[in-house]
Each structure stands twice: as C-alpha cells, then as structure tokens.
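The primary structure of each chain is shown beneath.
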Amino acid sequence: MKSILPILASIFVAGCSVVGQSNVDTAPYTLLESDELNNIEVRNYESMVLVSASMSGSSSNSAFRKLFKYIGGENEGATEIAMTAPVLMDDKNMNKKGTEISMTAPVFMNESAGISLMSFVMPNNFTLATTPKPTDPDVQVSELKNYKVATVEFSGTLSDSNVEKYTQILSTWIINNGYIAISPPVKAGYNGPITLPIMRRNEVLIEVR
C-alpha cells in the first residue's frame, strides 16, 4: 500500500539488551544485491501487514499508545501480541485473555504531505484477512506489497546528522549502481533505547526501481 510512503521508520522494540540482542522477529525480505564493503543491500519486502494510527502534531506518543493498546488486546477477539520488558502496559491490557502472537520489527512512522502515521508490522504468518480488527476507529490495518528498497546499515543513534550522512551515502550508491530512487528516505532502528549506541543496528532505506 504505497500511500503509507514515504516513511520515517523507528523501532520501539521490547526484549532488547544493552548489547543489542533482541527476541523480536524482523520483517522477512528477499536479498537482491549486497555491497558488504559499504553495508548496503537491495531488498524486496514481498508483503507486510501494517497496523497504523495517526500521529498528532509533532509527537508520536499518542499513536504509539493507541498501537500498543491494540497489540495489548484492544482488538476483536482480544488477541495479545507478546512483548518483553522494558515495554509497559496498562493493567487492563495485561489481564486480557486471547491468542498470543509475536510482534515483528520495524515500526514505521510516515510524516509526509500532511499525513502522519505510525505503523506496526504484524508477524509474517498474518494476512490482511487474519490480522485482528482494531476496536479503536483511529487504528487501521493495511498491506504493503513488493516494497523494493536500497538500504544502508550503521551503528550509533538515529540522529538527524547520522541520517543525513548515510542518506547521502546511499543516494550516491543508488545513482552509481543504476537504480532510480522513487521515494524519500526511510529511517529504521532495530534495538530498544537501553541498547548501547555502538551496538545498535540502524538503517536508512530508499525505495528504488
């Protein structure tokens, strides 16, 4: 569903350690090309089911709370998505009973052309039809298909300066290797906030053809 792009992506991942270990699955993809020297890959994400909520103003807190309540059981069937500390839940969500599933990274944030959305990626075995329907009308389910991107990986933080630096590196590589960028850059992190910056996995992604 291309309407969710361009995306600014960040991860609020539970189950992470200070040295970067995480028990959260990542969205699967097909590796099309790899430049190990520059930590660059070209990938195709065949399908991702997204659960999204609008972000108000410049803050993502409201959308994150709505999505976290959704994975905590505020959906049809009271289906819970299993996550590990340090993420906190309201007691009423912790006590819900339902099917337990695993959350998948990353979390996407779309802030383009007046549209502000945050999206959680559902586990790979979920389809658009089987993803639990939200009970909150502000939470929506959609599907992103055949998302072909060039990516560059780096450690440290997802600061503006780092994102700008690696976006330039990736943009130059795209031009030099015969691809055409068709979206603004996406940023993605794969660790929680307690992970030491030097051990973090971050990425910039640009959709290409």
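All values reported here derive from a predicted model rather than from experimental measurement. (Residues numbered from 1 in each chain as written. Predicted model: local features only at pLDDT ≥ 70, side-chain atom pairs only at ≥ 80, totals over all residues. Heavy atoms only, no water.)

*Asks:* Explain the pairing of strand β4 (residues 40-54) to me, please; I cannot follow it from the model alone.
*Replies:* If a strand is regular, its side chains alternate between the two faces of the sheet. Counting buried positions along β4 yields eleven of 15 residues, so the element is predominantly enclosed. Hairpin connection from strand β3 (residues 30-35) to β4: four residues lie between these consecutive antiparallel strands, with asparagine 39 at a positive phi of about 55°. As defined by bridge partners, β4 adjoins strand β9 (residues 139-154) across 13 bridges and the pair is classed as antiparallel. Its bridge partner being in β9, methionine 48 is matched across the sheet by leucine 144. (Buried < 20%, exposed > 50% of the residue type's maximum accessible area, 1.4 Å probe, protein only. Helix = DSSP H or I, 4+ residues; strand = E, 2+ residues; numbered from the N terminus. Pairing = 2+ DSSP bridges.)

*Asks:* Sorry, what's going on with the environment of phenylalanine 120 here?
*Replies:* Relative to the assigned elements, phenylalanine 120 resides in strand β8 (residues 115-121). For the pair phenylalanine 120 and leucine 50, spaced 70 residues apart in the sequence, the C-alpha separation amounts to 5.5 Å.

*Asks:* When you look at the pairing of β3 in this model, what are you seeing that I'm missing?
*Replies:* Pairing of β3 with β4 involves five bridges; the strand directions are antiparallel. Note on β4: the bridge partner recorded for glutamate 33 is valine 42.

*Asks:* Whenever I open this one, the nonpolar core confuses me. Can you help?
*Replies:* As a rule of thumb, soluble globular proteins bury nonpolar side chains together. In terms of nonpolar packing, the biggest core is built from 15 residues, with Leu67, Met118, Phe120 and Met122 touching the most fellow members. Elements with a minimum of two residues in this core: β4, α1 (61-71) and β8. In terms of residues, this core owes the most to one element, α1, which gives six residues. Val152, Val163, Tyr179 and Val208 belong to the second-largest nonpolar core, a separate cluster that totals 14 residues. (Core = buried A, V, L, I, M, F, W, Y, C linked by side-chain atoms within 4.5 Å.)

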